[in-house]
Protein chains: 2
Amino acid sequence: MLQITGSNLIAGAEGTSSDQTFSVHHRLTGEELPGLFWIATRDEVDAACMAAAEVGTIPAEALANLLDQIATNIEALGEELLERAHAETALPLARLTGERGRTCGQLRQFSALIHTKSHLDFRHDPADPARTPLPKPDLKRMHFPLGPVAVFGASNFPLAFSVAGGDTASALAAGSPVIVKAHPAHPGTSELVGRAITDAIQTLNLPAGLFSMVHGGAEVGQILVQHPAIRGVGFTGSARAGRALMDLAAARPTPIPVFAEMGSVNPVFLLRSALESRSEAIGTGLAASVTMGVGQFCTNPGVVVGIKSEGWSRFKSALVEALSSAAQGVMLTDGIADSFSQGCQALSALPGVEVLADHPGGKVFSTFADFPAEALHEVFGPSTLLIECDSEAELDAVAHRFTGELTASIHWEPGDETLTQSLAHILSLRVGRVIFNGFPTGVEVSPAMQHGGPYPASSDSRFTSVGTAGIQRWLRPVAFQDAPDFIAANLPG
Amino acid sequence: MLQITGSNLIAGAEGTSSDQTFSVHHRLTGEELPGLFWIATRDEVDAACMAAAEVGTIPAEALANLLDQIATNIEALGEELLERAHAETALPLARLTGERGRTCGQLRQFSALIHTKSHLDFRHDPADPARTPLPKPDLKRMHFPLGPVAVFGASNFPLAFSVAGGDTASALAAGSPVIVKAHPAHPGTSELVGRAITDAIQTLNLPAGLFSMVHGGAEVGQILVQHPAIRGVGFTGSARAGRALMDLAAARPTPIPVFAEMGSVNPVFLLRSALESRSEAIGTGLAASVTMGVGQFCTNPGVVVGIKSEGWSRFKSALVEALSSAAQGVMLTDGIADSFSQGCQALSALPGVEVLADHPGGKVFSTFADFPAEALHEVFGPSTLLIECDSEAELDAVAHRFTGELTASIHWEPGDETLTQSLAHILSLRVGRVIFNGFPTGVEVSPAMQHGGPYPASSDSRFTSVGTAGIQRWLRPVAFQDAPDFIAANLPG
């Protein structure tokens, strides 16, 4: 059996100097799980950051090998990794198996990407010594690593957005060292994956400072984000925690960029012809999307907008029917479960909001186009709010009320083209991804994915946290002017 | 003669509702110049921002035509534009002629760029309906305008970094509307150029909200940066003002990115063989770079580092000799002239810092490798600080003390390769552009230019404010998943 020591992983060394420890319990049985975890001390965080700052330039080939080796090592952990993750999160093994595939898949996608060197955005303006009035210099410009990055593990993706998740994979691909703050809800899973990374670094004889992992809560996170050696932050989680990190980073003597992905209500628009021809399929499809992962996805469809019609009524029935038979899931943490109850209570207490269905597996709320603004606050969990409009004008007005969302979806069929066109335009100004005849959950990891929208969905809509374009968060360009051959020959690109 | 009305330009309308006005004087003769300028009211700023927010998607071809038309209109202003700029800034007509060329040149470079559509970074992942366990969706991803941008005119580039300067050109190229706060030191020049832009918009029948220009000081700037419709900020100026804007933008309910280019001391390293073979040429070349534009460039070489030697002594003599005959220039504003005197005084008062030469045209200070940190504060004006090292180890240690600079330069000749290689590496971690055997002034406008370094040189080292890559500041990606043909056909790219 894999051993879990509870250590912080400080640039390849064990960090166990704290007098504060914590343990975790099996999320379903309540039994205490193996491992006593040391909360990182300020000195341990500092040692991790200083080791990261010492890491020099690493060739892309070596970084690609590292990413591949990490994927191999994670797979070699076998079922024990999945079982520990299941015990810590209550997520089903099938889901975790898929998530492991995604995690290793994205590590290998970044490996393949950096082999192409396209991420370096290499540019060359040749010299023109004869140009008047001034000769033109030779300029070569390419991307360098931003420097040490702090990554916050997410509660809802113990593998794909945690220790070796998208933020870590993209930062390492960029050549930026990573210090992960493990999410305290799955520290054992984090340690197993963290050791898969440190082992890979050791196997390939790369600098140990490339990766560290620390345990702890908000205080450890603050020490990390305020450390002078840290040059960027990757975060997936709540709007409140994300904004706190943004504020902290902006107030540093040397401000640093924060890429926070903070979730969203992901509105789904159902147009008339679509409802006429496939209201039942939309209802059951939506129910599946709402309940997937106990609704604990940043892409959970939290709001559905449609115009009253017979099709809309049939859709509602199908949705409620499907939810009535959905199994009640166990949420990731007690805190998330409490927040979900409170969020549902607050939503149902708003003027004009009614409870349409309250099943153990999922809840449906309903309101009208003149809903109060608070109704658009994200409720993290298996619920959705239906917004019933009387006309296309009302639906259009509702679309204008969204400010920053990860996604928006439009269900359309022939006859809906005009409204689809205008909605797509309105929504493209407000979201990162517009989906047609689909649901927002299930985020493809690929070069053309955009997972990040205007604030408050993300801290900076110019970047993505899913897909290979995510590497751009951790790179900065440097230009070399009239570089001699012995310099130019050693430049990336 | 061109008329200067003093109006704010609010989306094509005249803004003259303020009860606060100001005028400016000829910088050389002291005579009052034509034009009484209205400081923009909160309502006028609001009207400009709201009009900008109403601007829809504009095809790249129309934006390219606009940029070309603006360049044509600026050229059509003829000598009167240059004379007004000369009167307001004391910059010589020859320099302003060159700056006009650069301004129109970069407008046309951005026009050519957006014709290629490469700035859209179009990505397409085709669908694979047969994929298991889940079908793969079709994804198309491309860049959209970030939205309305606030641009702050710079004092030291009345044309190339002001109303129609690099920030405005790149933002308009991105399709993001622009609201310029004109620099109060050259409001007449600003109005002439601002009208060249509004005329071009009118001629091409584009939305008037694409461009506005307001007059005022820090208060108007704050109103602008805090306006909810503004999605990004472009700024060139002092570290203090830049940081204030960064803090203001980060504290908004919806934080927005600020691209602030705040200057730098641009260290120049002189290596042994280079000094042996061409110390006089380096001395006179450096003097020209230090005094260019009365030293009022963000790329002014404010620090020179070398190892004591006969060549270094000859270099010092040549530098001081060249500066002794440099003409005394008139600085852009009284404020800048005062800051320069105070900066020189503060520098010379530091322990270990000596005044080596104090000529009307330029000043040289001198210190040793153990200089106090304050010696690296930028002194904006025609001065430079020599740091004399005893050894390569000392020079290496000095290189490590820089934290964020726009540029660093290395003068080398055969025999200096090893030190050049290690210095280039150290400096590439600290600057945006490394220059070999050249001086930092004279920033080429081209695709491979990087003008932006780690903080405090710039607010975000991942972007450039000079060159065509600057357009990336004002773009955000949106992905379209399974878009039907009638949507896909109208997407950019």
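Just above, that's the structure.
What you are looking at is a predicted structure, and each value in this text was computed from that prediction instead of being measured. (Residues numbered from 1 in each chain as written. Chains lettered and ligands numbered in written order. Predicted model: local features only at pLDDT ≥ 70, side-chain atom pairs only at ≥ 80, totals over all residues. Heavy atoms only, no water.)

So, the packing of aromatic side chains
So, step 1. Applying the stated criterion across every chain, the model contains 19 aromatic pairs over all chains.
So, step 2. Relative to Phe235(A), the ring of Phe152(A) has its centre 6.0 Å away and its plane inclined at 70°; by these criteria the two rings are edge-to-face. You can see Phe152(A) sitting in strand β7 (residues 149-152) and its partner Phe235(A) sitting in strand β10 (residues 232-236), a full 83 residues away along the chain. Each member of the pair, Phe152(A) as well as Phe235(A), carries the same accessibility label: buried.
So, step 3. With 5.1 Å between their ring centres and 85° between their planes, Phe486(A) and Trp412(B) make a pair best called edge-to-face. (Phe/Tyr/Trp six-rings, centres within 6.5 Å; stacked < 30°, edge-to-face > 60°. Helix = DSSP H or I, 4+ residues; strand = E, 2+ residues; numbered from the N terminus. Buried < 20%, exposed > 50% of the residue type's maximum accessible area, 1.4 Å probe, protein only.)

Some words on the relation of the copies chain B and chain A
So, step 1. Overlay of chain B on chain A (RMSD 0.0 Å): rotation 180°, translation along the axis 0.0 Å. The superposition of one copy onto the other is thereby described by a two-fold rotation axis. Proximity to the rotation axis, assessed at the C-alpha, singles out Ala250(B) in chain B; its C-alpha lies 3.2 Å from the axis.
So, step 2. Both copies contact each other with a shared surface, as 100% of the interface residues of chain B are interface residues in chain A too. (Least-squares fit on C-alpha atoms with pLDDT ≥ 70 in both. Contact = heavy atoms within 4.5 Å.)

Considerations on the interface of chain B and chain A
So, step 1. Listed as interface residues are 66 residues of chain B and, on the opposing side, 66 residues of chain A.
So, step 2. Per-residue buried area on chain B facing chain A is highest for Arg462(B), Arg476(B) and Gln481(B); these three make up 13% of the total on that side.
So, step 3. Our count for the chain B to chain A interface comes out at 2 salt bridges.
So, step 4. Residue Arg131(A) is joined to Glu444(B) by a salt bridge in which the shortest nitrogen-to-oxygen separation is 2.6 Å.
So, step 5. Put simply, chain B and chain A have 34 residue pairs in polar contact (both at pLDDT 80 or more) between them.
So, step 6. Elements that contribute at least two residues to the side of chain B that touches chain A include exactly β5 (123-125), β6 (139-145), α8 (239-250), α13 (417-428), β18 (431-436), β19 (475-481) and α14 (485-488) of chain B.
So, step 7. When residues in the side of chain B that touches chain A are grouped by element, the largest group, 7 residues, is from β19(B).
So, step 8. Tallied by class, the residues present in the side of chain B that touches chain A amount to 33 nonpolar, 16 polar and 17 charged. (Buried area = accessible area lost by both parts, 1.4 Å probe. Salt bridge = Lys/Arg side-chain N within 4 Å of Asp/Glu carboxyl O. Polar contact = N/O pair within 3.5 Å; in protein donor to acceptor, adjacent residues only side chain to side chain. Nonpolar A, V, L, I, M, F, W, Y, C, P; charged D, E, K, R; others polar.)

Remarks on the sheet that holds β5(B)
So, step 1. Sheet architecture is open: 10 strands sit in the order β14(A)-β15(A)-β16(A)-β13(A)-β12(A)-β17(A)-β18(A)-β19(B)-β6(B)-β5(B), paired in mixed fashion. Looking at which strands have only one partner, the edges of the open sheet turn out to be β14 (354-359) of chain A together with β5 of chain B. Averaged over all pairs of adjacent strands, the angle between their axes in this sheet comes to 20°, without regard to strand direction.
So, step 2. Judged from the 5 bridges that link them, strand β17 (residues 405-411) of chain A and strand β18 (residues 431-436) of chain A form a sheet pairing that is parallel. The partner of Ser409(A) across the bridge, within β18(A), is Ile435(A).
So, step 3. Against the sheet, helix α10 (residues 310-324) of chain A contacts β12 (268-270), β13 (303-307), β14, β15 (362-368) and β16 (383-389) of chain A, and its axis sits at roughly 170° relative to β16(A).
So, step 4. Packing of helix α11 (residues 334-348) of chain A onto the sheet brings it into contact with β14, β15 and β16 of chain A, and relative to β15(A) it is tilted by some 25°. (Pairing = 2+ DSSP bridges. Axes fitted to C-alpha atoms, helices over the stretch in contact; angles between N-to-C directions.)

As for the sheet that holds strand β5 (residues 123-125) of chain A
So, step 1. On the basis of which strands lie adjacent, the open sheet formed by 10 strands has the order β5(A)-β6(A)-β19(A)-β18(B)-β17(B)-β12(B)-β13(B)-β16(B)-β15(B)-β14(B) and mixed pairing. With one partner strand each, in any of the chains shown, β5 of chain A together with β14 (354-359) of chain B form the two edges of the open sheet. In this sheet, neighbouring strand axes are inclined to one another by 20° on average, regardless of whether the strands run parallel or antiparallel.
So, step 2. In the sheet, strand β6 (residues 139-145) of chain A pairs with strand β19 (residues 475-481) of chain A via 7 bridges, with the strands oriented antiparallel. Pairing of His143(A) across the sheet is with Pro477(A), part of β19(A).

Description of the nonpolar core
So, step 1. Of all hydrophobic cores here, the largest spans 206 residues; its most connected members are Phe480(A) and Phe480(B).
So, step 2. When neighbours within four sequence positions are excluded, Phe480(B) is seen to be in contact with Ser428(A), Val434(A), Phe436(A), Asp138(B), Leu139(B), Lys140(B), Met142(B), Phe144(B), Ile487(B) and Leu491(B).
So, step 3. Within the second largest apolar cluster, 27 residues are counted, among which are Ala48(A), Ala150(A), Val214(A) and Val225(A). (Core = buried A, V, L, I, M, F, W, Y, C linked by side-chain atoms within 4.5 Å.)

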